[in-house]
Amino acid sequence: MSRTHLRKFSRSETTRAEAFSDGVFAIAVTLLVLNLSDPPHRPGGLGRALLAQWPAYLGYLASFGYVSVIWLNHHQAFVRIRAMDRGLHAANLFLLLTTAALSFPTAVVADALQHDLTDTDARTAVALYAGLAATMCLSWVAFYHQMARRPELLDADVEDTYVRHGRLRSWTGALAYTVAGLLGVFVAPLLAIGVFVVLPVFYFVTSEGLPGGRDGSA
């Protein structure tokens, strides 16, 4: 088998990876909305029951925002990627793994906070969410690590700061979600929820990159 044939076998176009990823993102946001339901209530009590499940709305807002900026930044990444190898496929699948799982801690947080805003279950729930969200940020670190290792997979005109800024934003997110989890466990769960809602806004605002260069990551 020739060296040229081996090289072609080890790389592939990005089309299938992008299509599969978009499908996962679409399913992920659909799963989030399934956590919103008609609450049990007595006749005349629908309004109070709907208001009582406000943690579910807040969780949906935070998670939808997070998946949205993941999708946006994922698109920004693939604008710059011209070919995929096995390592980059693996990093992309790791990213999709964490994204698809986000509906689980979202539902756990919503349920726990509806029962009590400060008890052990609420603190455990926000720790679970923070842990998965931080892991999702680390999946981006792995994604950018693969691009740094194989720059030949990127377009020739990619910004010099792209990978470096992508790593920085990813590590910042991992640290921020970890701190949010610690605040939720040791101080107040609602503090963590506030961070969960605000962080996607940061990633959206910086989706075109940090000052001094354009990039996209989460």
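Calculation notes
Residues numbered from 1 in each chain as written. Predicted model: local features only at pLDDT ≥ 70, side-chain atom pairs only at ≥ 80, totals over all residues. Heavy atoms only, no water. Helix = DSSP H or I, 4+ residues; strand = E, 2+ residues; numbered from the N terminus. Buried < 20%, exposed > 50% of the residue type's maximum accessible area, 1.4 Å probe, protein only. Contact = heavy atoms within 4.5 Å. Areas by Shrake-Rupley, 256 points an atom, 1.4 Å probe, with all protein chains shown as cover. 1 Å grid on protein atoms, 1.4 Å probe; cavity = no way out; pocket = protein on both sides within 12 Å on 5 of 7 lines; lining within 4 Å. Points joined across faces, edges and corners; volume = space filled by probe spheres on them. Nonpolar A, V, L, I, M, F, W, Y, C, P; charged D, E, K, R; others polar. Phe/Tyr/Trp six-rings, centres within 6.5 Å; stacked < 30°, edge-to-face > 60°. pLDDT = per-residue confidence, 0-100. Patch = residues over 30% accessible without salt bridge, like charges linked within 9 Å, V, L, I, M, F, W, Y side chains within 5 Å. Salt bridge = Lys/Arg side-chain N within 4 Å of Asp/Glu carboxyl O. Core = buried A, V, L, I, M, F, W, Y, C linked by side-chain atoms within 4.5 Å.

Draft legend 1. Region of interest: the overall build of the protein chain. The helix and strand tally for the protein chain stands at nine helices and zero strands. For the protein chain, the succession of helices and strands along the chain, N to C, is α-α-α-α-α-α-α-α-α. Here the protein chain holds 218 residues, and the buried ones make up 44% of them. Restricting the contact set of the protein chain to residue pairs at least 6 apart, pairs at least 24 apart contribute 80%. Approximately 11,300 Å² of the protein chain is accessible, and the part contributed by carbon and sulfur atoms is 66%.

Draft legend 2. Spatial organisation of empty space enclosed by the protein. In the structure shown here, the tally under the stated rule is one cavity of 30 Å³ or more. Computed from the structure, the largest cavity encloses a volume of approximately 40 Å³. Taken together, Leu58, Gly59, Ala62, Val109, Tyr129, Ile193 and Phe196 form the lining of the largest cavity. Put simply, the parts of the chain that give the lining of the largest cavity at least two residues each are α4 (54-80) and α9 (189-205). If you tally residues by element for the lining of the largest cavity, the top one is α4, at three residues. A per-class count over the lining of the largest cavity returns six nonpolar, one polar and no charged.

Draft legend 3. Quick peek at the packing of aromatic side chains. Taken as a whole, this structure holds ten aromatic pairs when the rule is applied. Members of the aromatic cluster, connected to one another through ring pairs, are Phe78, Trp140, Phe143, Tyr144 and Tyr162.

Draft legend 4. Layout of the confidence of the model for the protein chain. Taken residue by residue, the protein chain gives an average pLDDT of 88. The fraction at 70 or more is 89%. pLDDT under 50 marks residues 1-6. Its contacts with residues more than four places away, or in other chains, come to one contact.

Draft legend 5. Up close: the environment of glycine 131. Along the chain, the position of glycine 131 falls in helix α7 (residues 120-149). Take glycine 131: its relative accessible area is 34%, and that puts it in the partly exposed class. The sequence separation of glycine 131 and proline 105 amounts to 26 residues, and the corresponding C-alpha distance is 9.3 Å.

Draft legend 6. Highlighting a nonpolar patch on the surface. A cluster of nonpolar residues, Leu46, Leu50, Trp54, Tyr57, Leu117 and Leu190, forms a patch on the protein surface that exposes about 460 Å² of accessible area. Mapped onto the nonpolar patch, the elements with two or more residues apiece are α3 (46-52) and α4. Its place among the elements puts leucine 190 in helix α9. For leucine 190, a relative accessible area of 40% gives the class partly exposed.

Draft legend 7. Focus on the pattern of salt bridges. For the coordinates displayed, the defined rule picks out three salt bridges. Note that arginine 150 is salt-bridged to aspartate 85, the shortest N-O span being 2.6 Å. On the criterion of sequence distance, the pair formed by arginine 150 in the loop between α7 and α8 (162-186) and aspartate 85 in the loop between α4 and α5 (86-100) is long-range, its members being 65 residues apart. Of the residues examined, arginine 150 reaches a relative accessible area of 22% and is grouped as partly exposed. Between glutamate 152 and arginine 150 there is a salt bridge, with its nearest N and O atoms 2.3 Å apart.

Draft legend 8. How the structure looks around the environment of alanine 156. Along the chain, the position of alanine 156 falls in the loop between α7 and α8. As a C-alpha pair, alanine 156 and arginine 80 span 76 residues in sequence and 8.7 Å in three-dimensional space.

Draft legend 9. Looking closely at the nonpolar core. Ranked by internal contacts, the top residues of the largest apolar core, which has 50 residues, are Tyr66, Ile81, Phe143, Met147, Tyr177 and Phe196. Counting only elements with at least two residues in this core, the list comes to α2 (15-33), α4, α5, α6 (103-115), α7, α8 and α9. Sorting elements by how many residues they give to this core places α7 first, with 14 residues. Excluding residues that lie within four positions of it along the chain, isoleucine 81 makes contacts with Thr14, Leu88, Phe143, Met147, Leu153 and Leu154.

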